[in-house]
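# Chains, contacts and geometry: an overview
The lines below spell out each chain.
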Amino acid sequence: MKIMDKIYEVAKQNKQRIVLPEGEEERNIIAAKKIHDEGIATIIMIGDKQKIKSKSQELGVDLTGIDIINPIESDNLNKYIDEFYELRKKKGMTREKAEIIVKDPLYFGTMMVKLDDAEGMVSGAIHTTGDLLRPGLQIIKTAPGVSVVSSFFIMQVPGSKYGEEGMLLFSDCAVNPNPNSDQLAAIAIATADTAKELCNLDPKVAMLSFSTKGSADHEFVDKVRSATEKAHELRPDLDIEGELQLDAAIVQNVADLKAPGSKVAGKANVLVFPDLQSGNIGYKLVQRFANAEAIGPICQGFAKPINDLSRGCSIEDIVNVVAITSVQAIIKKEYRRY
Ligand SMILES: CC(C)(COP(=O)(O)OP(=O)(O)OC[C@H]1O[C@@H](n2cnc3c(N)ncnc32)[C@H](O)[C@@H]1OP(=O)(O)O)[C@@H](O)C(=O)NCCC(=O)NCCS
Ligand SMILES: CC(=O)OP(=O)(O)O
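Parameters at a glance
- Residues numbered from 1 in each chain as written.
- Chains lettered and ligands numbered in written order.
- Predicted model: local features only at pLDDT ≥ 70, side-chain atom pairs only at ≥ 80, totals over all residues.
- Heavy atoms only, no water.
- UniProt positions renumbered as here; feature names shortened; annotations may be inferred.
- Axes fitted to C-alpha atoms, helices over the stretch in contact; angles between N-to-C directions.
- Helix = DSSP H or I, 4+ residues; strand = E, 2+ residues; numbered from the N terminus.
- Left-handed = near helix turned anticlockwise from the far one by under 90°.
- Contact = heavy atoms within 4.5 Å.
- Nonpolar A, V, L, I, M, F, W, Y, C, P; charged D, E, K, R; others polar.
- Phe/Tyr/Trp six-rings, centres within 6.5 Å; stacked < 30°, edge-to-face > 60°.
- Buried < 20%, exposed > 50% of the residue type's maximum accessible area, 1.4 Å probe, protein only.
- 1 Å grid on protein atoms, 1.4 Å probe; cavity = no way out; pocket = protein on both sides within 12 Å on 5 of 7 lines; lining within 4 Å.
- Points joined across faces, edges and corners; volume = space filled by probe spheres on them.
- Near = heavy atom within 4 Å.
- Polar contact = N/O pair within 3.5 Å; in protein donor to acceptor, adjacent residues only side chain to side chain.

Under an unreviewed UniProt entry, the name given to the chain is Phosphate acetyltransferase, and the source organism is Inconstantimicrobium porci. Under Pathway (unreviewed entry), UniProt gives the following word-for-word description of the chain: "Metabolic intermediate biosynthesis; acetyl-CoA biosynthesis; acetyl-CoA from acetate: step 2/2." Under the UniProt heading Catalytic activity (unreviewed entry), the entry covering the chain gives this text: "acetyl-CoA + phosphate = acetyl phosphate + CoA".

## Here's the deal with the packing of helix α6 (residues 105-114) against helix α7 (residues 129-140)
Here α6 crosses α7 at 35°, and the two axes come no closer than 9 Å. Crossing geometry of α6 relative to α7 is assigned as right-handed. From α6, L106, Y107, T110, M111, V113 and K114 reach across to α7, where they touch D131, L132, R134, P135, G136, Q138, I139 and I140. Within the contact of α6 with α7, the residues separate by chemical class into eight nonpolar, three polar and three charged.

## Examining the packing of aromatic side chains
According to the stated counting rule, one finds four aromatic pairs in the structure shown. With a centroid separation of 5.6 Å and an interplanar angle of 75°, the aromatic rings of F84 and Y107 are classed as edge-to-face. Of the two residues, F84 sits in helix α4 (residues 77-88) while Y107 sits in helix α6, which places them 23 residues apart along the sequence. By relative accessible area, which is 14% here, Y107 ends up buried. On the numbers, 3.8 Å between centres and 20° between planes, the contact of F153 with Y283 is stacked. Taken together, the residues F153 in strand β5 (residues 150-156) and Y283 in helix α12 (residues 276-289) connect sequence positions 130 residues apart. There is no split in this pair, since F153 and Y283 are both buried.

## Quick word on the layout of surface pockets
The computed volume of the largest pocket comes to approximately 770 Å³. Looking at the largest pocket, it is lined by 29 residues, and the ones nearest its centre are A143, V146, E197, G301 and K332. Breaking the lining of the largest pocket down by element, the ones donating at least two residues are α8 (181-197), β10 (293-300) and α13 (315-337). No other element matches the seven residues that α8 contributes to the lining of the largest pocket. When grouped by side-chain class, the residues that make up the lining of the largest pocket number 17 nonpolar, six polar and six charged. In terms of residues, the lining of the second largest pocket owes the most to one element, α12, which gives five residues. Residue classes in the lining of the second largest pocket are distributed as 13 nonpolar, four polar and no charged.

## A word on the site of ligand 2
Looking at ligand 2, the residues that line it are F153, N280, Y283, K284, P297, S310 and R311. The side chain of K284 places a nitrogen or oxygen atom 2.9 Å from an oxygen atom of ligand 2. A distance of 2.8 Å separates an oxygen atom of ligand 2 from a polar atom in the side chain of S310. When residues of the shell around ligand 2 are assigned to their parent elements, the largest contribution, three residues, is made by α12.

## Overview of the side chain of K204
For K204, the location among the structural elements is in strand β7 (residues 204-208). Its relative accessible area of 15% is what places K204 among the buried residues. Here D239 takes part through its side chain, which lies 2.9 Å from a polar atom of the side chain of K204. Leave out the neighbours within four places in its chain, and K204 touches D239, K263, V264, K267, A268, N269 and V270.

Encoded structure:
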């Protein structure tokens, strides 16, 4: 079964409440209807009710059965303001500033997730990644035992033999501009765990560089080498190899030359980029030149799932990311039970 088919099946079996804070935006309106009609999640849209209704009428979309919340009319507004102020007062937040900030749909939606009025949130069709990440980092924070929030893409490359029949996870392509070696190790471990839990893969993680196993010397390469060592110390159970060039990571005959005997080289299905410049450029190159489907960026490491979209996202991308957010929420709840 294809990975997205499996994710839809799990999401539908245990419908989660997902907030769309960009409720007035066209792609969100059409995606909300599709998600509602197909029973993928219970959608809560944030925005001006009248604006959403007239836009949906223009689009010929019937939003009957979907909750729409305008922060300034919400009975929960004061509760969210109080809680946000409490969370941020040590950082200089005042009650007056909190009153303004929490009316912002992204902050309001994040507070809904924080206080269990929703299981997850998806935005980014009109906001930047930083706009979503800041409230997430300030309010939701990292999951226990996790030091860094990062992101991954599920890349599906049509007709490709690389990774798992063309499916690979790329990380981090959206969050950490220049991770240090500790952060890079944490990103590798988080993506390996995501590959297992969400994508049912046996993760083979390549720590990418312009060098393979000492073929070049540079401080950039040292960072990747040191991150690999730290990841091995922290999680000896995982197959993580570095430093590897991209060809050595995914092409077996190149791996045989450059990294003979490696468990990962030539077979990698998780690619960890050394920084955000290479990660963000890398995923867009594969997406555009290889016509790959790039599902994400999906955040990992938050205590509760909130997720971003690329501003160039399609309606299908929104539906996909809502389904993944739901499954992340289900995985977290199931782990909480043990
Ligand atoms: C992630 C990002 C938004 C953080 O923004 P920032 O302005 O640097 O935020 P700050 O440094 O003020 O940090 C805010 C809080 O988040 C924490 N934080 C920042 N990055 C974090 C991370 N990756 N994981 C966990 N916590 C993080 C900080 O410790 C701080 O916590 P505190 O306020 O409780 O002390 C920023 O790094 C960013 O814009 N990244 C690139 C996003 C992007 O443009 N991607 C490309 C397109 S997809
Ligand atoms: C992930 C990403 O690059 O997002 P955007 O295209 O919105 O900057």
